[in-house]
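# Notes for the structure review
Residues per chain, in single letters:
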Amino acid sequence: MSTFVRAPEAARRLGVTLPTLYAYVSRGRIGRVKAADGRTSLFDLAEVDALRAAGRQRSAGPPPSIDVQIASSVTRLDEDGLAYRGHRVEDLLHRRFEDVAELLWIGHLPTRPDPWPTIAIGDGASARELTIPALIDLANRLGTARTNADHELDAIDAARRLLGAVPTIARHDAHDGSAASFAHRLLRAWIDDPDDASIRAVDRALVLLADHELATSTLAVRVAASVRTTPELAIVAGLATVAGDLHGSASAHSHRFLQAATAHGVERTIDERLDRGERLPGFGHRVYRHRDPRFDVLLDAVRRIGDPSRRVDTVDRVVRAAAIRVAHHPNVDLALGALTWVLDLPPDAPLFAVARIAGWTAHYLEEIDERPVRFRGLARSAP
């Protein structure tokens with residue numbers, strides 16, 4: 001993902017005047033794009049630095065990647081958004097996360113979904129912080145305790161047991177009755193008595209993040225499934241991947257970015273990051289060339305939460321200020337970071353990872369129907 005700078009910074013880095021910079025543009029020595037406001041000129045930082053170093057045009061190409069094509073009917077992505085099993089996600093926002101997870105697993109929305117098991121692992125003294133390492137430990141423990149060897153038939157049961165037990169990591173009274181939604185029980189890991197607006201916002205986040213086609217962590221789950229590992233261990237593979245700083249940590253970076261913008265000023269925080277050649281957390285997306293459609297619907301739910309400090313106003317100021325500085329639009333990670341920040345949750349609260357367990361299970365079930373051990377890399381001599 002490219003990092004862009006405004007014209008004055010590009011000219012400074014090149015050691016030229018603004019008229020000279022625009023002369024470079026007219027002669028094709030360097031490219032420029034318009035910011036999201038449609039007026040401000042932006043320059044690719046990599047291209048600027050390459051021109052400075054070589055004295056000639058050298059466009060910064062995309063990072064090397066390996067594209068793996070896998071047939072899947074779980075999720076469909078397009079420029080307008082995503083659909084789970086043929087249901088547009090915006091049509092599912094009034095449903096609980098439990099319903100959407102069942103849709104991903106069984107292919108249709110349940111009419112009367114059975115409540116998920118609410119199994120507490122260990123005793124009350126072992127309750128601890130809800131983090132991705134704690135999720136990995138929970139999945140390992142549940143997988144070790146399970147004796148059923150029929151992976152295909154047991155995957156949905158395994159996911160229900162795992163998700164049902166997640167809130168008990170932090171508090172063993174989280175199974176406070178079958179009427180409580182999963183989002184309610186999960187939020188009680190951090191808030192004793194969450195209000196309805198907060199619960200609905202977390203539910204919406206879980207629904208929006210339940211799957212996103214073949215993300216890196218989902219591919220890891222499918223690779224594990226292809227060698228017929230147990231559902232729990234395949235989910236561990238996904239959790240280990242999503243724990244990477246460039247995947248599931250994006251909302252935590254956005255959370256801290258919003259904190260810094262409040263403490264030091266929005267414009268100053270943005271300018272300092274761009275001057276260091278860093279990208280802005282929560283902006284840009286590899287799939288959505290324009291606006292991530294999940295951003296607005298999640299931020300709308302965040303706005304409905306009681307917010308005496310008006311933290312969400314900082315999000316609006318960041319979006320406006322970024323529009324004249326970068327070409328990228330805000331993505332769902334900025335909205336998720338805003339959610340955890342407004343609710344005063346830890347920046348690394350693993351809402352993303354918990355939600356994605358639903359999608360991983362659906363992909364596990366698909367992969368089980370494929371030829372086993374079908375993933376094989378081909379090595380080539382290093383340059």
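Under the definition given, this model contains one cavity of 30 Å³ or more. There is about 60 Å³ of room inside the largest cavity. Its residues placed into classes, the lining of the largest cavity shows five nonpolar, three polar and one charged.

With antiparallel pairing, three strands are arranged side by side in an open sheet as β1-β3-β2. Since the sheet does not close on itself, it has two edges, and those belong to β1 (4-6) and β2 (33-34), each with one partner. Sheet topology note: the β1/strand β3 (residues 41-44) ladder contains three bridges and is antiparallel. Of the residues in β3, the one forming a bridge with Val5 is Phe43. With respect to the sheet, helix α1 (residues 7-14) is in contact with β1 and β3, its orientation differing from that of β1 by roughly 95°.

Moving on: the sheet that holds strand β6 (residues 87-88). One key point about sheets: their strands pair by backbone hydrogen bonds, in either a parallel or an antiparallel sense. Taken in spatial order, the three strands line up as β4-β5-β6 in an open sheet, and their pairing is antiparallel. Bordering the open sheet on either side are β4 (75-78) and β6, each of which pairs with just one other strand.

Burial of helix α15 (residues 332-342) is extensive: eleven of the eleven residues sit out of reach of the surface. For α15, every residue scored as buried is listed here: Val332, Asp333, Leu334, Ala335, Leu336, Gly337, Ala338, Leu339, Thr340, Trp341 and Val342. In the core, the buried residues of α15 are packed alongside α8 (196-209), α11 (250-264), α13 (293-303), α14 (311-323) and α16 (351-368). Capping the start of α15, Asn331 holds a side-chain oxygen 2.8 Å from the backbone nitrogen of Asp333, two or three residues further along. Looking one or two places after α15, you find Asp344, whose phi comes out positive at around 60°.

Of the positions making up helix α12 (residues 266-275), those classed as buried are Val266, Thr269, Ile270, Arg273 and Leu274. The arc enclosing the buried residues of α12, seen along the axis, measures out at 125°, which places them on a common side. The elements touched by buried residues of α12 are β1, α11 and α14. Downstream of α12 by one or two residues, Gly277 has phi in the positive range, about 80°.

All right, on to the pairing of strand β5 (residues 81-84) then. Residues Gly81 and Ala83 line one face of β5 and the alternating positions Leu82 and Tyr84 line the opposite face, and both faces are buried. Summarising the sheet, β4 and β5 pair through four bridges and their orientation is antiparallel. Opposite Leu77, over in β5, you have Leu82 as the bridge partner. Connecting the antiparallel pair β4 and β5 is a turn made up of two residues. Across two bridges, the pairing between β5 and β6 is antiparallel. Pairing of Ala83 across the sheet is with Arg88, part of β6. The hairpin formed by β5 and β6 contains two residues between the paired strands, and Arg85 there has a positive phi angle of roughly 50°.

Cut-off values and rules
Residues numbered from 1 in each chain as written. Predicted model: local features only at pLDDT ≥ 70, side-chain atom pairs only at ≥ 80, totals over all residues. Heavy atoms only, no water. 1 Å grid on protein atoms, 1.4 Å probe; cavity = no way out; pocket = protein on both sides within 12 Å on 5 of 7 lines; lining within 4 Å. Points joined across faces, edges and corners; volume = space filled by probe spheres on them. Nonpolar A, V, L, I, M, F, W, Y, C, P; charged D, E, K, R; others polar. Pairing = 2+ DSSP bridges. Helix = DSSP H or I, 4+ residues; strand = E, 2+ residues; numbered from the N terminus. Contact = heavy atoms within 4.5 Å. Axes fitted to C-alpha atoms, helices over the stretch in contact; angles between N-to-C directions. Buried < 20%, exposed > 50% of the residue type's maximum accessible area, 1.4 Å probe, protein only. Polar contact = N/O pair within 3.5 Å; in protein donor to acceptor, adjacent residues only side chain to side chain. Arc of directions from axis to C-beta.

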